[in-house]
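Chain by chain, the residues run as shown.
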Amino acid sequence: MSAEPLVYVEPAPVPSEVTVETLRPLREAEWDRYVRQAPDATFFHQLGWRWLVERVFGHRAHYLTALRGGRDGRDDRIAGVLPLFELKSLLFGHSLVSIPFAIGGGIAADDGEAVSALLDAARALAEERGVDYLELRSERPLPDAGLLAKDLYVTFRADLAEGEEALLKRMERKRRQMMNYVSRAGFSHRVAGLEELPLFYDLFCQSMRHHGTPVYPRLFLQEILDRHPGTTHLFFVEHGGRTVAGVLNLLFRDVIMPFYAGADRGERPRGVDDYTYLAILRWGRDHGFRVFDFGRSKRGTGAWDFKRRWGMEEVPLGYQYHLVKARELPNVSPANPKYQAAIRVWQKLPLPLTRLLGPMIVKRVP
């Protein structure tokens, strides 16, 4: 009786252990390569954001990397990232935030194992540093019952591959009429770079005071443009021979996002805001972008009401918190009633004074 032939069966790979460490210099290039392809990563996960926050505001960074070993003993690789900053403020407390001065953040990882490892490490770091709370500004909330959620922020997105006609059909009738009006109202636009930051900053300061919000230092905007060449620009709108509005756009993968906006608060031509964002949307489509992201808004505010009328998809942002010393969720939003008196006072201050005081205040706002 002949023996059965031997059949080689390759053993199933054994999942390798995930470890977490603070980002080391030798992995910085790998970090950015990972961020550029990770589905949950954002513009703000890039290391350029770390350097500008550290330089401009001086906050301590804790950049965590999840590492997984390769098969057959090969070198480990990044399997997830979590950028964190530690902020201390007499008014707003002591926090660990991913990511401050940004609308995105949180964990970007390959799988649930890497997510859990990074979350455990972040909680341990929050306890070790004795913060009031850990805040993760993710879009998709993590499936962790121990995290508290805040249902306050949303963004609005349009699929640029869909075509403008489909978007117009979903708009309210008055909004469609405004789009027709601004297309023939004598507006024009142009794209610029860092060299025209002084012009944009003047418009930005006017708008920030109008909204009762402390303005960021000009160095912060300069660093955004300077550290992200090719993926940021200034977008100016002109009317009647003068510049009436400007937007700092962020470009990440196939997404275009208007991030900061400013406008001449003097004689504002009718429809300037509508033209500005319609022109950016068209520019994005013409230059190969697939998604227009309107940026973060707080439910129930004027900005939220303006954006929701465009017929775009409303996307909730899953901000989550782990409380350490705090006993309730933080509320540093301008919508908080206790800040309303201060906002009204700020709106009445001379513009030069807000440009002087704003950067000193906003540094401590998470």
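Conventions adopted
Residues numbered from 1 in each chain as written. Predicted model: local features only at pLDDT ≥ 70, side-chain atom pairs only at ≥ 80, totals over all residues. Heavy atoms only, no water. Patch = residues over 30% accessible without salt bridge, like charges linked within 9 Å, V, L, I, M, F, W, Y side chains within 5 Å. Areas by Shrake-Rupley, 256 points an atom, 1.4 Å probe, with all protein chains shown as cover. Salt bridge = Lys/Arg side-chain N within 4 Å of Asp/Glu carboxyl O. Helix = DSSP H or I, 4+ residues; strand = E, 2+ residues; numbered from the N terminus. Buried < 20%, exposed > 50% of the residue type's maximum accessible area, 1.4 Å probe, protein only. Contact = heavy atoms within 4.5 Å.

Participant: Would you mind showing me how to read a nonpolar patch on the surface here?
Facilitator: Taken together, Leu-353, Leu-356, Met-360 and Ile-361 make up a surface patch of nonpolar side chains, about 370 Å² in accessible area. By the element assignment, Leu-356 lies in helix 11 (residues 351–362). Residue classification places Leu-356 among the exposed positions, given a relative accessible area of 54%.

Participant: In this structure, what is going on with the environment of Leu-203? I would like to understand it.
Facilitator: Tracing the backbone shows Leu-203 in helix 6 (residues 197–210). A relative accessible area of 3% means that Leu-203 is categorised as buried. Sequence spacing of Leu-203 and Thr-243 is 40 residues, and the spatial spacing of their C-alpha atoms is 9.1 Å. Setting aside chain neighbours within four positions, we find Leu-203 in contact with Phe-236, Thr-243, Ala-245, Gly-246, Gly-262, Ala-263 and Asp-264.

Participant: Before we go on, may I ask you to explain unusual backbone geometry in this structure?
Facilitator: Both trends apply: most residues other than glycine have a negative phi, and most peptide bonds are in trans. In this model, Ser-98 is joined to Ile-99 through a cis peptide bond whose omega is 10 degrees. On the secondary structure map, Ile-99 appears in the loop between strand 4 (93–98) and strand 5 (108–109). Positive phi, close to 60 degrees, is recorded for Phe-101, a residue that is not glycine. Here Phe-101 lies in the loop between strand 4 and strand 5. Of note in this structure, Arg-253 is not a glycine but carries a positive phi near 55 degrees. In this fold, Arg-253 is placed in the loop between strand 11 (242–252) and strand 12 (255–263). Residue class for Arg-253 comes out partly exposed when judged on its relative accessible area of 39%.

Keep in mind that these numbers describe shape and distance, not what the molecule does.
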